[in-house]
Every structure is written in C-alpha cells, then in structure tokens.
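# Examination of the molecular architecture
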Amino acid sequence: MHKRILAAITILYVGSVIAAIGVLAYVNRRSAIESFGEQQDALVKFATANVELGVTTGRIDVVETFLADLASNPVFAGAAVYDADKDGIMQVPTGFELSAAQEEAIFETGHLTTASYAYQIAELQDEGEVLGYFLLATSFETLNVRARRALVATAVVGLALLLPVTVLIAWLLAWMEKKLQTREMRLREVNAENETMLNNLDQGIFTFGTDGVVHPQHSKRARDLFAMSDSRTPSLHCVLEADAETFGAFMQWVSMMSESRFLKDWSRFETLNPVPEITRVVNGEKQIVVMDYRPIVEDDELQRIMVLGRDITAEREAQKALADATREQQAGMERVLALVHNDKMTNDTLQREAWKVLEVLDLVVAGDTQEIDWAQLYRDLHTIKGNAGSAGYGSLAAIADELEDIVIAVRDTHSKDPRDAARGLCAALREELHKIAKLRDRLFTDRQNVMSIDPNEYHRLLDDVTLETAARPVDFRQRLIALNAQPFSSYCRKYQRIIEMYRSQRGKNIADLHVETPDQRVDRTLMTALDTCIVHLMRNAVDHGIESDEERQAKGKGRGTICIAVEVSDCFTRIIVADDGAGIDPDVIATAAVARGVITSTAAMSLSREQRLQLVLQHGFSTKERVTDISGRGVGLDAVKTAIDALEGEIVLDSHVGRGLTTTLTVPVKEPSLTAGNGNTENTRWHA
C-alpha cells in the first residue's frame, strides 16, 4: 500500500516538472515571437524610410543598393516597390513574386501572414502625396530557429535540475518507506499485544464516538456480551438493545457529557446515564450485563467513550437468593412474634377471613366475576391488610395491599393481564397462610384449645362451686361468662404496635397509645367483633389524622397523641378513639363528595355539619391523593361502618379542625354464649 502511494507521488512529481519545463518553453517561444514582431516592425519602418527617400529624390539606384544590402539580413525574404497606381517597379530578389490574390489581400489589409512569411506594406509619400508603395517580406525560419534553441535550452536546464532533485526525492521516499514499514510493524505488534490483553480480560470492552458510531476494534469478551462479530460492527442501538425512546435519551446524555462542564465531573453525572445495564436472553436464559462508561479525552474534548461490560447474572442471582433468604428469615421471625403476641382467637380469625377472601379471589383469577360483590371484596382485603399489619404479619399485609390494586384493575378493565398478576399474588397469599398455619401447629399443638382467664376470678368461682355457695344459676352463668373478659389494656397492646410500626416506617413523632381505661374488663368475644373497626381507626389516625412533624411544628404542636377508652354498661359497650391531629373539615368533605359524584352540590348544601362529616363513611371515599400501605383508598371507614351496622350499633364522628378527631363506636350488649369465645367448649382446657 505504501509503495503504491510513493510511486504515485514520484510520478506526480516528475509529471509536474515536465509540465513546468513545457510551460517554460512555451513562454520562451512566445517571448521570441514577440521579439521578432518588434524587430519586424522596426525593419519595416527603417526600410520604408530609406526607400521613400530614394523614390522622392529619383535615385532608384540608391533604392536598389539599399534593398541589396537589406537582403543580407537573416529575416529578409524579399521586397517590392510599386508606383502610385500599385504597378510594380522593382523586386528584390528577382525571383521574389506574389500572386494577384496575395497582392490584393496585402493592399487591402496592409499585412499578410502565411505559414512561412509575414508581409507588410507601407505608403511612400512626399509632402502628403502618395508616390508609391513599399512591400517587405520577412521569413519565420529565423524565428523557428530561435524558438527551438530556447526550447532545447529550457529542457536542458530543466533536466539538469530535475535529475539530482529526482534522485534526492527517490532517496527520501525510500527512507520514508522504510520508516513507515518499521512503524507499521510496531503498530501491528502493539495492536496484537492490545488484542491479546483485551481478550484475556473478563470484561467486554468496546468504544464508540460521540456520533454513536461503534469502533470496530473490541475485546473477545465483547462479542459474547454484546453480540458483536469480527465481520460486521453492529450499531450502538443494537448493542444497547434499547427502544427508540431510551436510545434517544442515551444520545442526549452523550451530547450533554460532551460539554466541558459535565466532562470535568464525569463520575458525578454518569449516574444520569439511562442505560446503566442491559438484560438479554441467551439460549433461553436471562443474562444481565452492567456497563461502566469511561471518557477518552483529547485536548479537553470528548473524542470517544469506552464501555466496560461485565456479566453480573450470577452475582444478581446470588444477591436475590440472599435477599430472599433474608426476607424469608425476617418473615419467619415476624410469624413467630405475631403468633406469640396474639391470642389464638385473633390468629384463627385472621386466617379464617383470609381463606374466605382467597376463595373469592380464585373466582377473580378464573374470570368468574358475575356474582362478586366488589365493594365487599375491597372491604375484606382492607380489613385483612389492617389486621395483619397490626398483628405483626408484615408479609401477609403486603400481599393484601398489592391485591387491592390488582382487584381494582380487574374490576375496571376486566382484562387478562391483571388476572395473571392476581394469580401470582393468590399463590403467594396461599403459601403465606400455609406457612403461618404450619408454624402455629408446631408452636401451639398442645395449646390449641387453651383459654386464658383471670386466675383470681377462676379460683373464686371454683371455690363457690365446690362449697356449693354459688348464687342462683343465672348469677353463676353471668360469672362464668365474665371469665371470658380481659382488662382493656391487654387488647390495646395490638394497637400500640400499629403506632410503633408507623413510627419506624414513616418517622412521625407520635407518642405511645394512651389507654384511659386500662383496667376496665371487656368481653373477649365483643372485642373480637370490634377489633377490625379499632384497627381501621388507629391506622386512619396515624396516617390521616396526625400531621407531619413540620406541620405540627408550624402549628406549635408537640408530639402527636392518640387516646383510646372503653365504656361498658349493661346495655352497651362504647369504644372512643381520639387524636389531636388536623381533624376533618366538613366543608372539604362535602366538596370532595360532590367531586367524586357521591352526592349532588344541591344535596351537599342542605346537609348539616354532622351529616357532612358522616360522608367519609361512604364506600371508596377519601380525600387523600397518595395511597400507602397504611390507608388512602377510602375503604377503612366504610369497613368500620359495615361492621358496626352488622352489630346494630352506631358510629359518631366529632371533629375540630386543627385540634383533632374523636370517633365513638357504640354497640348494644347481647346475651353472650358460653361457646362464643372459641366456637367449641368441648375438650376446652381452662388456663388460669
């Protein structure tokens, strides 16, 4: 390749020199012609003056002598003298003749040029009178001789200069060829060394320009990681395996990083890269390649970008396995703590409700949704999420939270995609319930029918029965039923955990739950019925009611507080939950209800303050824009109202904007059943 280039350079140089010689010879010839023309004009004037002098004086002999002398001039070819009538008088030499046509042309134009001669004619005058004409012919032979001499001289000088210069150039070209060959050999060695080094690396390396063009040289590992080949360099778009939108964003990032202010702080702005890794499917298996981008800079300008790719599939799988194991270990600890901290009735009720909802969800997955009560399904899922979260079953609560979104999507779209997602979540829910049940059986196999009761009351009742000092059977029955009652504070430990969980997850500064009636004894069966309602109220209080720390500080408030109390009488049981949060603005509730189509604006204007507050109990009503795992879908208070209605009770809201909300649940007392506590008194062992 280099030899062909050097040969072309040599030929171009020699051709240029020869052309220069030719141009110089042509210029010399033109100079000779111009010089000859000047000589001719001077000769004509000189000869005309002499001939004119001889004619005017009548000395023809002088004219003949002059013409004879003129013939000795190298450029002289012939001459002729004519009278005023243009008739010939004499000619020199005697053999010099002109045809009639030539004479006519000369007399008409004053001059004539042929291949060998140049003719010029001039008037012979005497005091303005034309006496005759003088014609002089000059030969081109002298001119041609001079031109040939000039050409030969120019060629000789040119060749004399060309030969040493050509030899010098040939030597320089040979020296350059040798240097180029040496350099090329070294470059091949360096490239071979670089390729060997690149191929021994575990990383896939390639480079691309700021215009997005991939450089053909790349490491052997890059062929596997980025589907490159030696025969064809793929486009950057194909290498990154990105869609058009992502690739466009990537090229914008490259353009941004080309600016000096971003280039100087590459490591900081590299995190903005929209393609930090790619996921490919190779032979049916997923492969994850993470990429590190390094700038190649010359003269403070970004020339190219080097990409170092690394297969982290095994690493990600190990991380996922470790995370799954850690998550399962944490979930296992959660299950143990939840089973220990909650009584058997709470655990059994939670599982029973979850299995019941799972049956409905199986219908959703199967697409048999005609008979599904969507509102009830929302309430049940929300209840399970709340009860599971407050009881400490975090995994169960998280699955229920995801299922709420999926159920909404299925209801609104009736498409297959949400059902596919629901199928996986139902399987996860079923697996979680099996794990809880299996762990429960391992931990409490010998205590599955144990009921905790107050030991003092148990022994007093036992003494009365033994000594037959018990009162009437009705009183005895009441005392027996009272054994199922527990101090209110024992139930509230579960609600305290809701506050603790929210404090750890959201960072709100909320004080521990304040139980105003800790020693008041409450029937276990009744508390089981009200437990879901209280859980929803507690979750709404911590998430909706208590403001953020910044808001409370701006209002001059301290830590958020939530209080709970119980009132028990022969006719009713009343639960009061109060917080010192933002409260509920009835006007805001009414406006939101109108916006959601719950009521018309005309109907909203006719409602009292209390009636406007009651609107929050409607299904799906919520003023909160952001849905969290705590609340936000407007299902909680609806579930509370549904449960209280089932117990034939009532719910009353008392709100003071900026000072808090108090919710009172009142349910009538009904004659309890001895078997209401755990569903079966047969083989029940009483544990004092």
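Structural notes, computed from the coordinates. (Residues numbered from 1 in each chain as written. Predicted model: local features only at pLDDT ≥ 70, side-chain atom pairs only at ≥ 80, totals over all residues. Heavy atoms only, no water.)

## Quick word on the overall build of the protein chain
For the protein chain, the count of helices and strands is 23 helices and 19 strands. In the protein chain, buried positions account for 38% of the 688 residues. In the protein chain, once contacts between residues fewer than 6 apart in sequence are set aside, the share between residues at least 24 apart is 62%. When the accessible surface of the protein chain is split by element, carbon and sulfur atoms take 54% of a total near 38400 Å². (Helix = DSSP H or I, 4+ residues; strand = E, 2+ residues; numbered from the N terminus. Buried < 20%, exposed > 50% of the residue type's maximum accessible area, 1.4 Å probe, protein only. Contact = heavy atoms within 4.5 Å. Areas by Shrake-Rupley, 256 points an atom, 1.4 Å probe, with all protein chains shown as cover.)

## Things to note about the sheet that holds strand β1 (residues 76–83)
An order of β2-β1-β5-β4-β3 is seen for the 5 strands of this open sheet, with the pairing classed as antiparallel. The open sheet terminates on both sides in strands that have one partner only, identified here as β2 (88–92) and β3 (111–113). The average angle at which neighbouring strand axes cross in this sheet is 15°, direction not considered. Sheet contacts for helix α3 (residues 100–109): β1, β3, β4 (117–126) and β5 (129–139); angle to β3, the most-contacted strand, approximately 125°. (Pairing = 2+ DSSP bridges. Axes fitted to C-alpha atoms, helices over the stretch in contact; angles between N-to-C directions.)

## A look at unusual backbone geometry
Residue Val92 is joined to Pro93 through a cis peptide bond whose omega torsion reads -10°. We note that Asp299 has phi near 55°; this positive angle belongs to a residue other than glycine. Residue placement: Asp299 occurs in the loop between β9 (285–298) and β10 (301–311). Residue Asp300 is not a glycine yet carries a positive backbone phi of 60°. Owing to a relative accessible area of 68%, Asp300 belongs among the exposed residues under this scheme.

## Structural notes on the sheet that holds strand β8 (residues 277–282)
The antiparallel open sheet is built from 5 strands, whose spatial order is β7-β6-β10-β9-β8. If you trace the sheet from one side to the other, it starts and ends with β7 (214–218) and β8, each paired once. On average, adjacent strands in this sheet sit at an angle of 30° to one another, irrespective of strand direction. Alignment of β8 against β9, held across 6 bridges, turns out to be antiparallel. Note on β9: the bridge partner recorded for Val281 is Lys286. Where helix α10 (residues 313–341) meets the sheet, its contacts fall on β8, β9 and β10, and the angle it forms with β9 comes to roughly 120°.

## Structural notes on the environment of Glu241
Within the secondary structure, Glu241 is located in the loop between α6 (236–240) and α7 (244–257). Looking at Glu241, the relative accessible area reads 43%, which means it is partly exposed. With 15 residues separating them along the chain, Glu241 and Phe226 place their C-alpha atoms 8.9 Å apart. When near neighbours in sequence (up to four residues on either side) are disregarded, Glu241 contacts Thr279 and Arg280. Polar side-chain contacts of Glu241 include one of 2.9 Å to the side chain of Arg280. (Polar contact = N/O pair within 3.5 Å; in protein donor to acceptor, adjacent residues only side chain to side chain.)

## Quick look at helix α11 (residues 344–366)
Across its 23 residues, α11 extends 33 Å between first and last C-alpha, which sits within 8% of the 33 Å expected from 1.5 Å per residue. Among the residues making up α11, those that are buried are Met345, Asn347, Asp348, Thr349, Leu350, Gln351, Ala354, Val357, Leu358, Leu361, Val364 and Val365. Backbone geometry just downstream of α11 places Gly367 in the positive-phi region, at approximately 85°. (Expected span 1.5 Å × (residues − 1).)

## Describing the pattern of salt bridges
This model, assessed by the stated rule, comprises 25 salt bridges. One salt bridge in this structure joins Arg268 and Asp265, with 3.7 Å as the shortest N-O distance. Of the charged contacts, one joins Glu547 and Arg552 as a salt bridge, the two residues approaching to 2.7 Å between their closest N and O atoms. The same class applies to Glu547 and to Arg552, which are both buried. Residues joined in a network through salt bridges with shared partners are Glu328, Arg335, Glu431, Glu432 and Lys435. (Salt bridge = Lys/Arg side-chain N within 4 Å of Asp/Glu carboxyl O.)

## Focus on the pairing of strand β16 (residues 572–579)
Most of β16 is tucked away: 6 of the 8 residues are buried. Looking at chain direction, strand β15 (residues 562–568) and β16 are connected through 7 bridges and run antiparallel. Paired with Ala565 across the strands is Ile576, a residue of β16. Hairpin connection between β15 and β16: a loop of 3 residues separates the two successive antiparallel strands.

## Notes on the packing of aromatic side chains
Inspection of every chain in the model, using the stated rule, returns 11 aromatic pairs. Ring geometry for Phe206 against Phe208: centres 6.5 Å apart, planes inclined by 40°, an arrangement best described as tilted. For the pair Phe206 and Phe208, a shared accessibility class is recorded, and that class is buried. Through successive ring pairs, a cluster of aromatic residues spans Phe206, Phe208, Phe226, Phe250, Trp253, Trp266 and Tyr293. (Phe/Tyr/Trp six-rings, centres within 6.5 Å; stacked < 30°, edge-to-face > 60°.)

## Describing a negative patch on the surface
A grouping of Glu298, Asp299, Asp300 and Glu301 is seen on the molecular surface, where their side chains present a negatively charged patch. Within the element layout of this structure, Glu301 appears in strand β10. (Patch = residues over 30% accessible without salt bridge, like charges linked within 9 Å, V, L, I, M, F, W, Y side chains within 5 Å. Lys, Arg positive; Asp, Glu negative; His and termini not counted. Charge placed at Lys NZ, Arg CZ, Asp CG, Glu CD.)

## Structural notes on a nonpolar patch on the surface
A surface patch of nonpolar side chains, amounting to about 600 Å² of accessible area, comprises Leu168, Trp171, Leu172, Trp175, Met176 and Leu180. With respect to the element layout, Met176 can be found in helix α4 (residues 141–200). With relative accessibility at 39%, the residue Met176 sits in the partly exposed group.

## Overview of the nonpolar core
Phe488, Tyr495, Leu513, Met538, Ile562, Ile564 and Ile575 are the most contacted members of the largest nonpolar core, which totals 45 residues. Listed by contribution, the elements that provide at least two residues to this core are α17 (488–506), α18 (524–545), β15, β16, α20 (586–595), α23 (636–646), β17 (650–656) and β18 (660–668). The element best represented in this core is α18, accounting for 10 residues. Contact partners of Tyr495, with chain neighbours within four places excluded, come to Leu513, Met527, Asp531, Ile534, Val535, Met538 and Ile564. By size, the runner-up hydrophobic cluster in this structure holds 33 residues, among which are Ala338, Val357, Leu429 and Leu439. (Core = buried A, V, L, I, M, F, W, Y, C linked by side-chain atoms within 4.5 Å.)

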